[in-house]
Amino acid sequence: MDGKTILLVEDDKALAMGTVFVLEAEGYTVRHAANIRSANELLDDKVDLMLLDVMLPDGSGYDFCREVRGKGVQIPIIFLTAMSEEINIVQGLELGADDYVAKPYRLKELLSRIAANLRRYEMANRSSQEIYVFGSHRFVLSEFRLYEGDRLIECTQNELRLLKELVSNEGIVLSRGTLLDRIYDMDGVLIDDNTLSVYMKRLRTKLGADATCIETVRGVGYRFCKN
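Residues numbered from 1 in each chain as written. Predicted model: local features only at pLDDT ≥ 70, side-chain atom pairs only at ≥ 80, totals over all residues. Heavy atoms only, no water.

Examining the overall build of the protein
- In terms of regular secondary structure, the protein is built from eight helices and 14 strands.
- A fraction of 57% describes how many contacts in the protein between residues 6 or more apart in sequence connect residues 24 or more apart.
- By element, 50% of the accessible surface of the protein is carried by carbon and sulfur atoms, the whole surface being about 11,500 Å². (Helix = DSSP H or I, 4+ residues; strand = E, 2+ residues; numbered from the N terminus. Contact = heavy atoms within 4.5 Å. Areas by Shrake-Rupley, 256 points an atom, 1.4 Å probe, with all protein chains shown as cover.)

Now the structure itself:
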């Protein structure tokens, strides 16, 4: 991802220095902020992704994430959190973050998550992207149809909406709450948690062997990854 600019918001000086060194070695341009005030000054239209610590000297990363999303900024946001409790992970995702990495993180994992989020963001903004291929299946977005080989798979509109959210966010953890917000009944009736489970079960059944592409992240939600 040469040429991409990452904003790292992290107050741990040693951790920040090590992270900056690794990211720059991978070809990224890195801006470092040790607090929210500095992050606000460095965040502009040249930033492609933000790595955001949860606990900062002048406030909460959660609040900053909410503020950034409230301004309409859509770049991927990955939380760096030392808190592994599921409720904190879910909270960050519900506020608009795209992913999280628990500290102390493995550098290969961090680089993988960054690359996956950048790919997902580019794919979501590429209007010419009409066909998504995974395993033996093709999801034709322009037709909103799912095929296995040349055979059309009969799916409901909500099952296809669910699949679209998953493939459009490849490699990204989507919380159940996020999916519930983005997927709604044809008549505008909100879908509840139990109904989402039914849709997920039906979709996995129809995908057969390729259902393994949908990974359950326990206590959080789901992640779509190609086999």
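Some points on the side chain of asparagine 169
- Position of asparagine 169 relative to the elements: it lies in the loop between helix 6 (157-168) and strand 12 (173-175).
- If we ignore the near neighbours within four places in the chain, the residues touching asparagine 169 are Arg120, Leu174 and Arg182.

Examining the environment of arginine 66
- For arginine 66, the position within the fold is in helix 3 (residues 61-70).
- At 2.9 Å, the side chain of arginine 66 and the side chain of aspartate 63 are in polar contact. (Polar contact = N/O pair within 3.5 Å; in protein donor to acceptor, adjacent residues only side chain to side chain.)

With respect to the pairing of strand 1 (residues 5-9)
- The buried fraction of strand 1 amounts to five of the five residues, a majority that puts the element mostly inside the structure.
- Neither face of strand 1 is left uncovered, since the one carrying Thr5, Leu7 and Val9 and the one carrying Ile6 and Leu8 both have all their residues buried.
- Where strand 1 meets strand 2 (residues 29-33), five bridges bridge the pair, whose relative direction is parallel. Each bridged residue has a counterpart across the sheet, and for threonine 5 the counterpart in strand 2 is threonine 29.
- With helix 1 (residues 13-25) bridging strand 1 and its parallel neighbour strand 2, the resulting β-α-β unit is right-handed. (Buried < 20%, exposed > 50% of the residue type's maximum accessible area, 1.4 Å probe, protein only. Pairing = 2+ DSSP bridges. Right-handed = clockwise from strand over helix to strand, strands pointing away.)

What about unusual backbone geometry?
- Here the amide bond leading from lysine 103 into proline 104 is cis, since omega sits at 0°, within 30 degrees of zero.
- With respect to the secondary-structure elements, proline 104 resides in the loop between strand 7 (99-102) and helix 5 (107-124).
- Despite not being glycine, phenylalanine 144 shows a phi value in the positive range, around 55°.
- By secondary structure assignment, the location of phenylalanine 144 is in the loop between strand 9 (137-140) and strand 10 (145-148).

Structural notes on the pattern of salt bridges
- What the rule picks out here adds up to 15 salt bridges.
- Among the ionic pairs, lysine 206 bridges to glutamate 159, the shortest N-O distance being 2.7 Å. On the criterion of sequence distance, the pair formed by lysine 206 in helix 8 (residues 193-207) and glutamate 159 in helix 6 is long-range, its members being 47 residues apart.
- Taking relative accessible area as the criterion, glutamate 159 reaches 1% and is therefore assigned buried.
- Several salt bridges converge on common partners, so that one network encompasses Asp99, Arg106, Glu109 and Arg113. (Salt bridge = Lys/Arg side-chain N within 4 Å of Asp/Glu carboxyl O.)

Re the pairing of strand 13 (residues 214-217)
- Pairing geometry for strand 13 and strand 14 (residues 221-224), over four bridges, is antiparallel. Looking at strand 14, one finds that valine 217 is bridged to glycine 221.
- Counting the residues in the hairpin turn of strand 13 and strand 14 gives three residues, including glycine 219, whose phi is positive at 80°.

Things to note about helix 3
- Taken together, the buried positions of helix 3 are occupied by Gly61, Tyr62, Phe64, Cys65, Val68 and Arg69. End-on, the buried residues of helix 3 take up no more than an arc of 160°, which puts them together on one face.
- At the N-terminal end of helix 3, a side-chain oxygen is found 3.0 Å from the backbone nitrogen of tyrosine 62, two or three residues along, and the residue is serine 60.
- In the segment just after helix 3, glycine 72 is the residue with positive phi, at about 90°. (Arc of directions from axis to C-beta.)

A closer look at the confidence of the model for the protein
- Counting all residues, the mean pLDDT for the protein is 87, and 90% of those residues have values of 70 or more.
- Mean pLDDT in the protein bottoms out at helix 4 (residues 86-94), which sits at 76, and peaks at strand 1, which reaches 98. (pLDDT = per-residue confidence, 0-100.)

Digging into the sheet that holds strand 7
- A sheet is described by the order of its strands in space; here five strands give the open sequence 2-1-3-6-7, paired in parallel fashion. Unpaired on one side and paired on the other, strand 2 and strand 7 mark the two borders of the sheet. Averaged over all adjacent pairs, the angle separating strand axes in this sheet is 20°, with direction ignored.
- Across four bridges, strand 3 (residues 49-53) lies against strand 6 (residues 77-81) in parallel orientation. Counted as the bridge partner of leucine 51 is isoleucine 78 from strand 6. (Axes fitted to C-alpha atoms, helices over the stretch in contact; angles between N-to-C directions.)

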